[in-house]
Amino acid sequence: QVQLVESGGGLVQAGGSLRLSCAASGSIFSINTMGWYRQAPGNERELVATITGDDATNYATNYADSVKGRFTISRDNAANTVYLQMNVLKPEDTAMYYCVAKIRRTRVDIWIHYWGQGTQVTVST
């Protein structure tokens, strides 16, 4: 079994900051891509940011245009954890934020995307 557990959501005023964390646990051989998606009421789930690579010094990151320059994604391989530092938050960032990780459970397994349960971020005006 593999579990992703998010934390760090909450209520913040516009212009403020939050840091989300997502820890993967269970039977894990390797993690490739980790990332964050979000979904606001009435909207489809959308990409926020991803970070790809299992080399501790060589990652590729990707951001939605709406968060570039404000959000930073990072990861700690030793802890199987991905972070999302969110600065200059806007009311339109309000959503449920979901963590996702592309994981192999053994050397011969296929890659599978696992999702967390989500953490709510609410930005007030």
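Note: the structure precedes this text.
Rules behind the numbers
Residues numbered from 1 in each chain as written. Predicted model: local features only at pLDDT ≥ 70, side-chain atom pairs only at ≥ 80, totals over all residues. Heavy atoms only, no water. Helix = DSSP H or I, 4+ residues; strand = E, 2+ residues; numbered from the N terminus. Rg over C-alpha atoms; globule rule 2.2 N^0.38 Å. Contact = heavy atoms within 4.5 Å. Areas by Shrake-Rupley, 256 points an atom, 1.4 Å probe, with all protein chains shown as cover. Lys, Arg positive; Asp, Glu negative; His and termini not counted. Charge placed at Lys NZ, Arg CZ, Asp CG, Glu CD.

Along its length, the protein carries zero helices and eleven strands. Taking 125 residues into account, the globule formula puts the C-alpha radius of gyration at 14 Å, and the protein, at 14 Å, falls close to it. Projected onto its principal axes, the C-alpha positions of the protein cover 50 × 30 × 20 Å. Counting contacts in the protein only where the partners sit at least 6 residues apart, residues at least 24 apart contribute 55% of the total. By element, 47% of the accessible surface of the protein is carried by carbon and sulfur atoms, the whole surface being about 6,700 Å². Separation between the mean location of the 11 positive side-chain charges and that of the 10 negative ones in the protein comes to 3 Å.

Attention now moves to unusual backbone geometry. Its identity is not glycine, yet N80 carries a phi of approximately 50°, on the positive side. Along the chain, N80 turns up in the loop between β7 (71-76) and β8 (81-86).

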